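# Architecture at a glance
Take a look at the letters that make up each chain.
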Amino acid sequence: MFYNAEKPVDIQKAKKYFNWLITNKKTFELTKKQPIRSISQNNYLHLLLSSFALEYGDTLEYVKLEIFKKKLNSDIFKTEHLNKKTGEIREDWKSTSILNSKDLTIAIDRLRAYSLKEFGHYLPEPNDLNFLNEIRISIENNKEYL
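Now for a quick tour of the structure. Here the structure is a predicted model, which is why all the values come from computation and not from measurement.

Moving on: the overall build of the chain. For the chain, the helix and strand inventory stands at six helices and two strands. Going from N to C terminus, the chain has its helices and strands arranged as α-α-α-α-β-β-α-α. Taken over C-alpha atoms, the radius of gyration comes to 19 Å for the chain, far larger than the 15 Å a tight globule of 146 residues would show. Considered along the principal axes of its C-alpha atoms, the chain spans approximately 65 × 35 × 25 Å. A burial count over the chain gives 30% of its 146 residues as buried. Sequence separation of at least 24 residues holds for 56% of the intrachain contacts in the chain that already meet a minimum separation of 6. As presented, the chain carries roughly 10,100 Å² of accessible surface, and 50% of it is formed by carbon and sulfur atoms.

Following this line, the structure appears as structure tokens:
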């Protein structure tokens, strides 16, 4: 579990768990997590997609393909490929990693606007490192739902 030492409720949870580990003579490891200092555009996108997926109640894979790529950004991500055996032209979807920074910025802005308008769920800007860190903690603590 991740705990934020700036939040009193997290401090209480961490102490309770720590004491339980000691009382029950469990082996454990304590590690200090470094704060986010800067974030790449692709990492930023995946934090936003994960936060949206948790709010939306579906998997990260579903949100990324069905909502982010197909619904909101088909003009950026949709492509075609030729099946060499059958000659059939099939629909395909580009990877975010091959987009240029301008197109990825447009796609991210659309996701942020959609999330706020349709669900009232605010997705932070890339320079809001405290909020992004809170999202990272939430994602870590809710991995089983993604």
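This is not the end of the story, as more comes after the structure.
Where helix H2 (residues 41–56) meets helix H6 (residues 129–141), the axes come as close as 10 Å, and the angle between the chain directions of the two elements is 55°. Classified by the angle their axes make, H2 and H6 are oblique. The two elements H2 and H6 cross, and the hand of that crossing is left-handed. When H2 is examined against H6, the residues Tyr44, Leu47, Leu48, Ser50, Ser51 and Leu54 are found in contact with a partner set consisting of Leu132, Ile135, Arg136, Ser138 and Ile139. By residue class, the composition of the contact of H2 with H6 is seven nonpolar, three polar and one charged.

Another aspect to go through is the nonpolar core. Of all hydrophobic cores here, the largest spans 26 residues; its most connected members are Leu45, Leu48, Leu49, Phe68, Phe77 and Leu111. Among the secondary structure elements, those contributing two or more residues to this core are H2, helix H3 (60–72), helix H4 (74–77), helix H5 (101–119) and H6. For this core, the element with the highest residue contribution is H2, accounting for seven residues. Excluding its chain neighbours within four sequence positions, the residues that come into contact with Phe77 are Phe68, Lys69, Asp92, Trp93, Lys94, Ser95, Thr96, Leu99 and Ala107.

Looking now at H2. For H2, with 16 residues, the first-to-last C-alpha span of 22 Å sits near the 22 Å given by 1.5 Å per residue. Among the residues making up H2, those that are buried are Tyr44, Leu45, Leu47, Leu48, Leu49, Ser50, Ser51, Phe52 and Ala53. Contact partners of the buried residues in H2: H3, H5 and H6. One or two steps after H2, the chain reaches Gly57, where phi turns positive at roughly 90°.

Residues Met1, Tyr3, Tyr17 and Trp20 make up a contiguous nonpolar surface patch of about 470 Å² in total accessible area. Within the secondary structure, Trp20 sits in helix H1 (residues 8–23). With relative accessibility at 43%, the residue Trp20 sits in the partly exposed group.

A few words on the pairing of strand S2 (residues 89–93). As paired strands, strand S1 (residues 78–82) and S2 are joined by five bridges and run antiparallel to one another. Bridge pairing links His81 to Arg90 in S2. Hairpin connection, S1 to S2: the antiparallel pair is bridged by six residues, and Gly87 has positive phi, about 80°.

Along the chain, the position of Thr96 falls in the loop between S2 and H5. The class for Thr96 is buried, based on a relative accessible area of 4%. One polar contact links Thr96 to Asn42, side chain to side chain, over a distance of 3.2 Å.

Reading the values: rules and limits
- Residues numbered from 1 in each chain as written.
- Predicted model: local features only at pLDDT ≥ 70, side-chain atom pairs only at ≥ 80, totals over all residues.
- Heavy atoms only, no water.
- Helix = DSSP H or I, 4+ residues; strand = E, 2+ residues; numbered from the N terminus.
- Rg over C-alpha atoms; globule rule 2.2 N^0.38 Å.
- Buried < 20%, exposed > 50% of the residue type's maximum accessible area, 1.4 Å probe, protein only.
- Contact = heavy atoms within 4.5 Å.
- Areas by Shrake-Rupley, 256 points an atom, 1.4 Å probe, with all protein chains shown as cover.
- Axes fitted to C-alpha atoms, helices over the stretch in contact; angles between N-to-C directions.
- Parallel < 35°, antiparallel > 145°, perpendicular 65-115°, else oblique.
- Left-handed = near helix turned anticlockwise from the far one by under 90°.
- Nonpolar A, V, L, I, M, F, W, Y, C, P; charged D, E, K, R; others polar.
- Core = buried A, V, L, I, M, F, W, Y, C linked by side-chain atoms within 4.5 Å.
- Expected span 1.5 Å × (residues − 1).
- Patch = residues over 30% accessible without salt bridge, like charges linked within 9 Å, V, L, I, M, F, W, Y side chains within 5 Å.
- Salt bridge = Lys/Arg side-chain N within 4 Å of Asp/Glu carboxyl O.
- Pairing = 2+ DSSP bridges.
- Polar contact = N/O pair within 3.5 Å; in protein donor to acceptor, adjacent residues only side chain to side chain.

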